[in-house]
Amino acid sequence: MQSNEGLYSAPRWRLTRWLAEPGLGVPDDIRAALIAQLHGSLPVFAAGAVNTIAVAAVIAVRKPAAPFIAWLVMEIAICLARLVVLVCAHRRARAHRPTPTDLHLLLAVAWSASVGFGAIVSLASGDWVVAMLATLSAAAMVGGICFRNFGAPRLAGTMILLSLGPIVPGAALAGEPLFYIVYLQVPMYLAAMTAAAFRLNRMLVTTMRAERENNHRAHHDALTGLLNRAGIVEALGARLGTHAERPFAVLFFDLDNFKPINDTFGHAAGDAVLKAVAGRARRALPDGAMVARMGGDEFVVLVDGLTADMALETGHRLIREVAVSYDLGGEMCASVGASVGIAMSPDHGATVAELLAVADAALYEAKSGGKSRCCFASVETNVAALRRLQQSNPKGPVASAA
């Protein structure tokens, strides 16, 4: 899981790691998504910054004393620093560079402390209009703090405490007995909002886990754990969309003499062979290669950075690995072969559908020539496959095979 804005760095400092901790057992990809959520968007940040600066400015005009001028200066300085850090973080995330996450979190804490400082000095001033304005502003910010930062409930709880907590000593400094009711109200509000942040965090993580699992099931084969058709189509589309000029190979292979295994030993034995083939294919391929089961005994491999000769060698290595006999338990064993067809991008196609069609045609040529063979797409194979593809899609070239 990754933000549309890019990938944001995890916090490195002990304090900020503690603040951003979403809970035990949260997977790394969900943690990364939660860190991205903490950065929010510029409009959301701007709304909160404008509100607190405006309140501090109005109060400083009404009471131009040192504490209120200092509060206004703090608000402006912290909000400007947060804006610079937020813009920098967004740009670095889009460029896949380290982001200033630690500084972003510390400035968020500093901003909430500034809001709390404004509340306490306003209450201590004895001006009830100023006190009402500052405390209402602090209370208003708490809702935004909770719902914007509940991905990191410790951060949300800390910011709520620093924003509202100073109202309690501020009420004591005000000297107004009626204000003592906040000794009851503020702790209850702090506890309720912090608990809400933790509950929302648990709900969010549960939802993200379910989304993660559903996405995995939608893109992976349940039997072998490999990518499925949708998964490899998406991977090919992504590969064609980035650095499309760099060559890569698509290997389409299926098993020779697989049907007799199901007929002789049963479908459970056939499933065991398919799972073993998946494991052998992973071992035979270079790091970073993607393997998919298209259905039945058909598989597709995507390998980046191969020349034509290297792709042929990879295909022959697959054939050798698959051909080793399979122990089915007891004294039973089975043997299958593999035939491989290879297409290269960009030489044999510019879309997912074209590459799969050409690789499939090369596979057919390999099987028709005697099986357990590896065939590179020829010019004739390429032209024939693209012509058939065009005939099946007369409105124009197909951008994907989904």
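Look above for the structure.
Residues numbered from 1 in each chain as written. Predicted model: local features only at pLDDT ≥ 70, side-chain atom pairs only at ≥ 80, totals over all residues. Heavy atoms only, no water.

A. Representation of the overall build of the chain within the structure. For the chain, the helix and strand inventory stands at 15 helices and 7 strands. Compactness check: the chain gives a C-alpha radius of gyration of 31 Å against a globular reference of 21 Å for 402 residues, more than 25% above the reference. Each of the three principal axes of the chain carries a C-alpha extent, and together these read 95 × 50 × 35 Å. The long-range fraction of contacts in the chain, counting pairs at least 24 apart against all pairs at least 6 apart in sequence, stands at 73%. Here the chain has roughly 19500 Å² of accessible surface; of this, 62% comes from carbon and sulfur atoms. (Helix = DSSP H or I, 4+ residues; strand = E, 2+ residues; numbered from the N terminus. Rg over C-alpha atoms; globule rule 2.2 N^0.38 Å. Contact = heavy atoms within 4.5 Å. Areas by Shrake-Rupley, 256 points an atom, 1.4 Å probe, with all protein chains shown as cover.)

B. How the structure looks around the environment of Asp347. Along the chain, Asp347 turns up in the loop between β6 (337-345) and α14 (352-368). Overall, Asp347 belongs to the exposed group, its relative accessible area being 61%. (Buried < 20%, exposed > 50% of the residue type's maximum accessible area, 1.4 Å probe, protein only.)

C. Local environment of the sheet that holds strand β7 (residues 374-376). In spatial order, the strands read β2-β3-β1-β6-β7; together these 5 strands make up an open sheet with mixed pairing. Here the strands that pair on one side only, and so sit at the sheet edges, are β2 (290-295) and β7. Adjacent strand axes in the sheet meet at a mean angle of 20 degrees when their direction is disregarded. Where strand β1 (residues 248-256) and strand β3 (residues 298-304) come together, 7 bridges link them in antiparallel fashion. The residue bridging Val250 from the neighbouring strand is Leu302, located in β3. Against the sheet, α14 engages β1, β2, β3, β6 and β7, with an angle of about 145 degrees to β6. (Pairing = 2+ DSSP bridges. Axes fitted to C-alpha atoms, helices over the stretch in contact; angles between N-to-C directions.)

D. Molecular detail of unusual backbone geometry. That bond from Ser345 to Pro346 is cis: its omega, 5 degrees, falls within 30 degrees of zero. The topology assignment puts Pro346 in the loop between β6 and α14. The phi dihedral of His96 falls on the positive side, at around 60 degrees, and the residue is not glycine. In this structure, His96 sits in the loop between α4 (66-94) and α5 (101-124).

E. Geometry of the pairing of β3. Counting buried positions over the 7 residues of β3 gives 5, a clear majority of the element. The pairing of β2 with β3 spans 5 bridges and is classified as antiparallel. Note that in β3 the partner of Ala292 across the bridge is Val300.

F. Expanded view of the packing of α5 against helix α7 (residues 153-164). At their nearest, the axes of α5 and α7 sit 7 Å apart, and the two run at 25 degrees to each other. Considered as vectors, α5 and α7 are oriented roughly parallel to each other. You can see that α5 and α7 cross each other, and the crossing is right-handed. Two secondary-structure elements touch here, α5 through Leu105, Ala108, Val109, Trp111, Ser112, Ala113, Val115 and Gly116 and α7 through Leu155, Thr158, Met159, Leu162 and Ser163. The class makeup of the residues in the contact of α5 with α7 is 9 nonpolar, 4 polar and no charged. (Parallel < 35°, antiparallel > 145°, perpendicular 65-115°, else oblique. Left-handed = near helix turned anticlockwise from the far one by under 90°. Nonpolar A, V, L, I, M, F, W, Y, C, P; charged D, E, K, R; others polar.)

G. Here's a closer look at the packing of aromatic side chains. One pass over the full model with this rule turns up 3 aromatic pairs. Centroid distance Tyr180 to Tyr183: 5.4 Å. Interplanar angle 15 degrees. Geometry classified as stacked. Residue Tyr180 is classed as partly exposed on the basis of its relative accessible area of 38%. Residue classification places Tyr183 among the partly exposed residues on the basis of a relative accessible area of 37%. Measuring from centroid to centroid gives 5.0 Å for Phe253 and Phe299, while their planes differ by 10 degrees, and the two rings are stacked. Separated by 46 residues along the polypeptide, Phe253 in strand β1 and Phe299 in strand β3 bring together distant segments of the chain. Each of the two residues, Phe253 as well as Phe299, counts as buried. The lysine or arginine in question, Arg280, covers the ring of Tyr326, its NZ or CZ lying 3.8 Å from the ring centre. (Phe/Tyr/Trp six-rings, centres within 6.5 Å; stacked < 30°, edge-to-face > 60°. Lys NZ or Arg CZ within 6 Å of the ring centre and 35° of its normal.)

H. Just the side chain of Ser339, in detail. Counting through the fold element by element, Ser339 comes out in strand β6. Given the relative accessible area of 0%, Ser339 is considered buried. Not counting residues within four places of it along the chain, the set of residues in contact with Ser339 comprises Phe252, Phe253, Asp254, Asp256, Leu363, Ala366, Lys367, Lys371, Ser372 and Arg373.

I. Structural context of α4. Over its 29 residues, α4 extends 42 Å from the first C-alpha to the last, a length consistent with the 42 Å expected when each residue adds 1.5 Å. Just beyond α4, the residue with positive phi is His96, at close to 60 degrees. (Expected span 1.5 Å × (residues − 1).)

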